[in-house]
Structures are given as structure tokens and as C-alpha cells.
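A structural walkthrough
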Amino acid sequence: MHTLCARGTMKPEITAAVGFLTRFLRVKGHVNDRQVQTFSQSLQDILAEQYKHHWFPDRPCKGSGYRCIRINHKMDPLVGQAGQRIGLTIQQLYLLLPSELTLWVDPFEVSYRIGEDGSICVLYESQPCPPGTPAGAMAGSPSGNNGPMSPMVDSHISCKEELMVLGRTSPSKAYNMMTVSS
């Protein structure tokens, strides 16, 4: 088992992904604070249950497609389930969330793309501890902005970067990578 810096679970990644989706509900309105909190907690629980046998910190790209949250011409069923728990229909969720959204929830990285040809943006990024480093010695930043306590490792290639290097049939345009920070 890998020793992970700052955590051994998927909690920070799920928290980043759910926080991102929840902000859309807050910004677009029509959802009260209690509903937003219930949606957030429900989606965290749903994702944790869904991912528990598909989380591989030693091979972050393994299971990436399974953990991908996708909204396009169909609502992601896990997001739809959390929305239904607060009384939102699929049609209401379509009005509150981007019509084209891909959200990758992987060990050490959460990133998203809005639109089929949009840039991939990083929401959360962290690194596994080097062997022998005590857990908690380094920490990731939910904003994607890593400070001196979390140096980037040049040998780390994310699943999205792997797609760029190996090629992808859809979409046909090259990705532009950017990091979102607050």
C-alpha cells in the first residue's frame, strides 16, 4: 500500500469535485442553503460508495473512466440521484449545471472541462509521499496552487496528460492545460 501525503482516502478529491458542482447550484439560485447542504452531503456519500472499489492511489489512471462525472445530452446518474434527494428534477439540474461538463475525480487530481472543446482545468492536485516520508509531511491544495509544503514531482503524469500524449479520438482538438487558483 502506498503511503499518501495528507491522506489515505479519496475524501479531498471527492470534496473538491462536490464543492465545484455545488457552487453551480448556489450561483444559479433557486436552491436554498439546506438543499445545497443536503445535495453536497448526498453526492459525497454517493461518490464515496461508488468509488470505494475503484480507487487506486498506486495507479491513479486505473478506473478513471468509471470515476468520471459526465453531463452532456444525458445527466450523470450520480448527480441526478443527489439532485432528486433535494427535490430537483433532471430538467432542473440541466438548468443549474453546465450543459457540457466532464469532471475527472482521480487519486491526487480533480480536473474538469466545460464544453467538448474546452480547456482542462485542475481543481485539486496533490502528490503521493516519496517512500519513507511520513504521512502528512506534504499536502495538496484544493485550488491547484501548491506551496512549498507540496512540491510538484516532474515524473507525475496525470490521466488527462496521458490522453494528450497518447492521443484521443474525441474531441479532435488539442487540449490547452491551465490551472485554476483562487
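Residues numbered from 1 in each chain as written. Predicted model: local features only at pLDDT ≥ 70, side-chain atom pairs only at ≥ 80, totals over all residues. Heavy atoms only, no water.

As a reminder, the rule being used: UniProt positions are given in the numbering used here, feature names are shortened, and annotations may be inferred rather than shown by experiment.
Under an unreviewed UniProt entry, the name given to the chain is Protein BTG1, and the organism recorded is Sparus aurata. In its Function (unreviewed entry) section, the UniProt record describing the chain reads: "Anti-proliferative protein." The annotation that UniProt attaches to the chain under Sequence similarities (unreviewed entry) is "Belongs to the BTG family."

1. As for the UniProt feature "domain: Anti-proliferative protein" (unreviewed entry) in the chain
Definition in use: By the criteria applied, helices consist of DSSP H or I runs no shorter than four residues and strands consist of E runs no shorter than two, each listed in order from the N terminus.
Under the UniProt annotation, the feature "domain: Anti-proliferative protein" (unreviewed entry) is placed at residues 51-71 and 97-116. End C-alpha to end C-alpha, residues 51-71 measures 18 Å, and it is 24% helix and 14% strand. When the span residues 97-116 is considered, its composition is 0% helix and 60% strand, and the gap between its end C-alpha atoms is 15 Å.

2. As for the pattern of salt bridges
We count it as follows: When a carboxyl oxygen of Asp or Glu lies within 4 Å of a side-chain nitrogen of Lys or Arg, that pair is called a salt bridge. For each residue, the accessible area found with a 1.4 Å probe, counting protein chains only, is set against the maximum for its type, and the residue is called buried under 20%, exposed over 50%, and partly exposed in between.
With the rule as written, the count across this model stands at six salt bridges. A salt bridge links Glu49 to Lys52, with the shortest nitrogen-to-oxygen separation between them at 3.1 Å. Here Glu116 makes a salt bridge to Arg70, at a shortest N to O gap of 2.1 Å. Residue Glu116 is located in the loop between β3 (109-114) and β4 (120-125), and its partner Arg70 is located in strand β1 (residues 69-71); the two are separated by 46 residues in the primary sequence. Residue class for Glu116 comes out partly exposed when judged on its relative accessible area of 28%. When salt bridges with common partners are traced through the structure, they connect Arg70, Glu100, Arg113 and Glu116 into a single cluster.

3. As for the nonpolar core
We count it as follows: Here, nonpolar core refers to any group of buried Ala, Val, Leu, Ile, Met, Phe, Trp, Tyr and Cys residues whose side-chain atoms link them within 4.5 Å. A contact between two residues is defined here by any heavy atoms of the two lying within 4.5 Å.
Of all hydrophobic cores here, the largest spans 36 residues; its most connected members are Leu21, Leu25, Leu97 and Leu103. Among residues more than four places away in sequence, those in contact with Leu21 are Leu43, Ile69, Val79, Leu97, Leu101 and Leu103.

4. What to know about the packing of aromatic side chains
The line we're drawing: Stacked, edge-to-face and tilted labels apply to pairs of Phe, Tyr and Trp rings (six-membered ring for Trp) whose centres lie within 6.5 Å, assigned for plane angles under 30 degrees, over 60, and everything in between, in that order.
Under the defined criterion, the tally for this structure stands at three aromatic pairs. Aromatic side chains Phe20 and Phe24 sit 5.2 Å apart centroid to centroid with 90° between the ring planes, which places their arrangement in the edge-to-face category. Placement of the pair is Phe20 and Phe24 together in helix α1 (residues 11-28), with a separation of four residues, close to one helical turn.

5. As for helix α4 (residues 77-85)
Formally: Pairs of N or O atoms are called polar contacts if they sit within 3.5 Å, as long as, within protein, a hydrogen donor faces a hydrogen acceptor (for residues adjacent in sequence, only side-chain-to-side-chain pairs).
Those residues of α4 that fall on the buried side of the exposure criterion are Leu78, Val79, Gly80, Ala82 and Gly83. Those residues of α4 that are buried are in contact with α1, α2 (33-51), β1 and α5 (90-96). Among the residues of α4, the N-terminal cap falls to Asp76, whose side-chain oxygen and the backbone nitrogen of Leu78 are separated by 3.0 Å. Downstream of α4 by a residue or two, Gly87 has a phi angle that is positive, lying close to 85°.

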